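What follows is the residue order along each chain.
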Amino acid sequence: MPASTKEENLLTILQDSAVKKYGKERAKVLEVPLQDLARALAAVENYPLELEEEPSFAR
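Note that the structure is predicted; figures quoted are calculated from it, not measured.

Caption draft 1: Quick peek at the pattern of salt bridges. This model, assessed by the stated rule, comprises 2 salt bridges. Residue K6 pairs with E45 through a salt bridge whose shortest N-O separation is 3.9 Å. Of the two residues, K6 is situated in helix α1 (residues 3-22) and E45 in helix α3 (residues 31-46); the sequence distance between them amounts to 39 residues. Here K6 falls in the buried class, since its relative accessible area comes to 14%.

Caption draft 2: Representation of α3 in the model. In this model, α3 (16 residues) spans 23 Å end to end at C-alpha, consistent with the 22 Å of a helix rising 1.5 Å per residue. Of all the positions in α3, only L34, A38 and A42 are classed as buried. The buried residues of α3 occupy an angular sector of 75° when projected down its axis, which confines them to one face. Seen from the buried face of α3, the exposed residues on the opposite side, beyond 90 degrees, are V32 and V44.

So, how was this worked out
Residues numbered from 1 in each chain as written. Predicted model: local features only at pLDDT ≥ 70, side-chain atom pairs only at ≥ 80, totals over all residues. Heavy atoms only, no water. Salt bridge = Lys/Arg side-chain N within 4 Å of Asp/Glu carboxyl O. Helix = DSSP H or I, 4+ residues; strand = E, 2+ residues; numbered from the N terminus. Buried < 20%, exposed > 50% of the residue type's maximum accessible area, 1.4 Å probe, protein only. Expected span 1.5 Å × (residues − 1). Arc of directions from axis to C-beta.

Given below as structure tokens:
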């Protein structure tokens, strides 16, 4: 799945959650931070991780 599609899907989920939790007006105010968060989540999802590589918190 292309990164932009992942970002769009994540953004939709985040926006829906914001509307449910805070209402439409507050969710509109949060639009830019939600876009940044969706972009960051998509980047994390796309980060290649070798199966043998252990997470740093496990060291």
